[in-house]
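For reference, the chains in residue letters:
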Amino acid sequence: MESPELITVDAGPVGLGARSWKAGSGRPVLLVHGLSSNARLWDGVGSHLAATGHPVVAVDLRGHGTSAPVSDTDDEDDLDAPAVDATQAAARDLANVCASLGWRDPVVAGQSWGGNVVLQLAADRPDLVHGLALVDGGWLHLGDQFPTLDDAWGVLAPPRFDGMTADRLRGMLTSGHSGWEPWAIDATLANLREDDDGLVSPWLSRERHRAIVGSMLRHQPRKLYPLVRCPVLLLAAVSEQGPGRKGELLAEAAAGLAHAEVVEFRGGDHDLHAQYPERVADLIGGLA
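This text gives an overview of the structure that appears in the document. Just so it is clear, the model here is predicted, and its values are computed rather than measured. (Residues numbered from 1 in each chain as written. Predicted model: local features only at pLDDT ≥ 70, side-chain atom pairs only at ≥ 80, totals over all residues. Heavy atoms only, no water.)

1. Some words on the pattern of salt bridges
Here's step 1: For the coordinates displayed, the defined rule picks out 14 salt bridges.
Here's step 2: Here arginine 125 makes a salt bridge to aspartate 127, at a shortest N to O gap of 2.9 Å.
Here's step 3: Here arginine 222 makes a salt bridge to glutamate 252, at a shortest N to O gap of 2.5 Å. With arginine 222 in helix α9 (residues 221–224) and glutamate 252 in helix α10 (residues 245–256), this pair connects stretches of sequence that are 30 residues apart.
Here's step 4: Overlapping salt bridges bring together Asp144, Arg222, Arg245, Glu248 and Glu252 as one network. (Salt bridge = Lys/Arg side-chain N within 4 Å of Asp/Glu carboxyl O. Helix = DSSP H or I, 4+ residues; strand = E, 2+ residues; numbered from the N terminus.)

2. Brief notes about the pairing of strand β6 (residues 131–135)
Here's step 1: For β6, the tally of buried residues reaches five of five residues, placing the bulk of the element in the interior.
Here's step 2: Residues Gly131, Ala133 and Val135 line one face of β6 and the alternating positions Leu132 and Leu134 line the opposite face, and both faces are buried.
Here's step 3: Both strand β5 (residues 107–111) and β6 contribute to a ladder of five bridges, which runs parallel. By the bridge assignment, glycine 110 is partnered in β6 with leucine 134.
Here's step 4: The pairing of β6 with strand β9 (residues 232–238) spans four bridges and is parallel. Across the sheet, the residue bridging to leucine 132 is valine 232, located in β9. (Buried < 20%, exposed > 50% of the residue type's maximum accessible area, 1.4 Å probe, protein only. Pairing = 2+ DSSP bridges.)

3. Observations concerning the packing of helix α2 (residues 86–101) against helix α3 (residues 113–124)
Here's step 1: Contact geometry of α2 with α3 gives a least axis separation of 8 Å together with a crossing angle of 65 degrees. Between α2 and α3 lies a crossing whose hand is right-handed. Within the contact between the two elements, α2 uses Ala86, Thr87, Gln88, Ala90, Ala91, Leu94 and Ala95 and α3 uses Trp113, Asn116, Val117, Val118, Gln120, Leu121 and Asp124. (Axes fitted to C-alpha atoms, helices over the stretch in contact; angles between N-to-C directions. Left-handed = near helix turned anticlockwise from the far one by under 90°. Contact = heavy atoms within 4.5 Å.)

Below, the structure is given as structure tokens:
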């Protein structure tokens, strides 16, 4: 698997860490991770796309991975500046990333919350996005499930890692994802920092995590579907018993988007891009 170049890319008011594969003259592809995740989980997809001639950048959003120190405000020098809505700010950051890279019509893919972010980008900038891949996200409507942020946080708050060592967590991830390649386990571990004692903690603080859950609670993808003009792939992990409630949301998205196709991964994990990198890459590449 080809290793990417580690770069910092200009996102307008901030600089974001990113992983870059400089390939041939194919259509560029921008890859966006989910909540409390990081760009490394796209390594398999990025490498495969680069091998087929596509320049690829996988970006770490504010507060995540190599962008962990980046402020939630639009002015890093003003610590008292008000925070901005995380989903809308991330979408603006991605538009700025494309501008700084000189990309005018990339294919854009986002996983989980990253799907909501790239959907927002495609709705805000229909002139920019050539094709959109929503990987087990982008049709999320937390506001349908939870009346308040406290209710959502009670269910969706991340686990605490007090006393957890990197070695123990690696073993847990390996046993829980027996079909994953070692690089995907390493990429998942990169969601956390490791201290000198081998103990891990998330790069994304709990406060920022909660703020993003609040943003997701307010976000309403169904209002954005009519604004998206490009072809859209909806890649969904569904249980062997069927999609359930997710199937209803997928059907709503497919009906609301002008050019949408649903691809189901039966028995797939939420991190489809880590579990099936070549298949996901081929589907994303097909949008180019």
